[in-house]
Structures are given as C-alpha cells and as structure tokens.
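Summary of structural features
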Amino acid sequence: EALGGGGGPASSSGGEEGIIVETNYRVYAYTTSPLKRAILELFCLEEYVLPNLYVGRLSRESCNAAFEAGIGAELIVDYLRRNAHPQTYRIRAKTPVVPETIADSVRLWEAETKRLAMTPCAFYDKFESKELYLESLGHAKERGKLLWSNDENMRLAVKLDHYNDMRTFIKEAKSRNA
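Residues numbered from 1 in each chain as written. Predicted model: local features only at pLDDT ≥ 70, side-chain atom pairs only at ≥ 80, totals over all residues. Heavy atoms only, no water.

Remarks on the side chain of K36
For K36, the position within the fold is in helix α1 (residues 34-41). Polar side-chain contacts of K36 include one of 2.9 Å to the side chain of E17. (Helix = DSSP H or I, 4+ residues; strand = E, 2+ residues; numbered from the N terminus. Polar contact = N/O pair within 3.5 Å; in protein donor to acceptor, adjacent residues only side chain to side chain.)

What follows is the structure, encoded as structure tokens:
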C-alpha cells in the first residue's frame, strides 16, 4: 500500500476513505488512520477531529512549515490528488480533484520562500594581482563580510558596511606588496 493509500475502517461517507479539498482551503480527510492524520498535519492546520474525519485548513503558514521541513509544493499537491476521496472523481468528472486555485496557491507559497534577498554591497573586480585578490578575499572571509566571490575572474562582493575597512586594507596591501 502506498503512503496514504486506501484500506482501513469504513467512514461515514459510504464506507470509503479519502481526502476532499475545497476551494476555501478546507481539507476533509475521511480516515481513522493516525498516520494519515499525521501526514496531513505536516501541511494543514488542524481544525477538528472526529472518530472518522479529520478537518484541516491549508494556509501559507502551515505550508511554509512543510517547505522548511523539505516537503515541496508538488509533493503536497500530489499527496492530495493521490488520496482524493472516490466521490470527488464522480462529482468532479471534468475538473481536477484538487482545485487548481488551491494547487496554484501552494506552488506560489513555495515560490515565495525562494525569493532572492537584496543586500547592499561593494563590488571589487580590478585587482592588480592574484596575490592582492587572495589577500582581500581572506580579509573579507575572516570578518564574515564576504557575500560572493569568483576566483577565476578575481571578483568579490562584500557587505556595504565593510566598504571603508576593505578600502583601507587594499591600500595597505598594495603598499606592502609594492
């Protein structure tokens, strides 16, 4: 049996187990399985539990917790689709068992967690020698101010608050190496 597959005691919905997802982000899982409930709790906020029914809600916060745990949007949507209640196939014959607005929202929430962060920085790329570049790189690393470096092209970016210190260091290094 696949994780969250069928089988188990009968539910009040005609003896069938499965998950129903509504467009209001509410998730109904007809099951008595503690494992299936635990899986749903990884990405749903529990609203209430009856002996054969778990009711939860998908939210940005609950899904973000799942993303942080390494569970991706596609895994969540796929789990909901694979474990859809048989009744959803009969009712939604020509529409997805997980509403597309819900699937798109979960994907969008995951994409939001992968946004780039802008950090003010100073960029250095005109080093007179490989030695000066490596000394400057080491200086920035030691102070925890290095944001990015490219050894091949002798380029580096440091946090902007380190600009004056870096400038002084490079001047001193140039005079030592001259």
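Observations regarding the pairing of strand β1 (residues 18-21)
Consecutive side chains along a regular strand alternate between the two faces of the sheet. In the sheet, β1 pairs with strand β2 (residues 26-30) via four bridges, with the strands oriented antiparallel. Its bridge partner being in β2, G18 is matched across the sheet by Y30. Here β1 hands over to β2 after four residues, with Y25 in that stretch at a positive phi of 75°. (Pairing = 2+ DSSP bridges.)

Brief notes about the sheet that holds strand β3 (residues 45-50)
Within a sheet, adjacent strands bond to each other through the backbone by hydrogen bonds, running parallel or antiparallel. Overall, antiparallel pairing links the four strands, which are arranged β1-β2-β4-β3 in an open sheet. Edge positions in the open sheet fall to β1 and β3, since each of these has one partner strand only. Averaged over all pairs of adjacent strands, the angle between strand axes in this sheet comes to 15°, irrespective of strand direction. Pairing of β3 with strand β4 (residues 53-57), which is carried by five bridges, proceeds in the antiparallel orientation. (Axes fitted to C-alpha atoms, helices over the stretch in contact; angles between N-to-C directions.)

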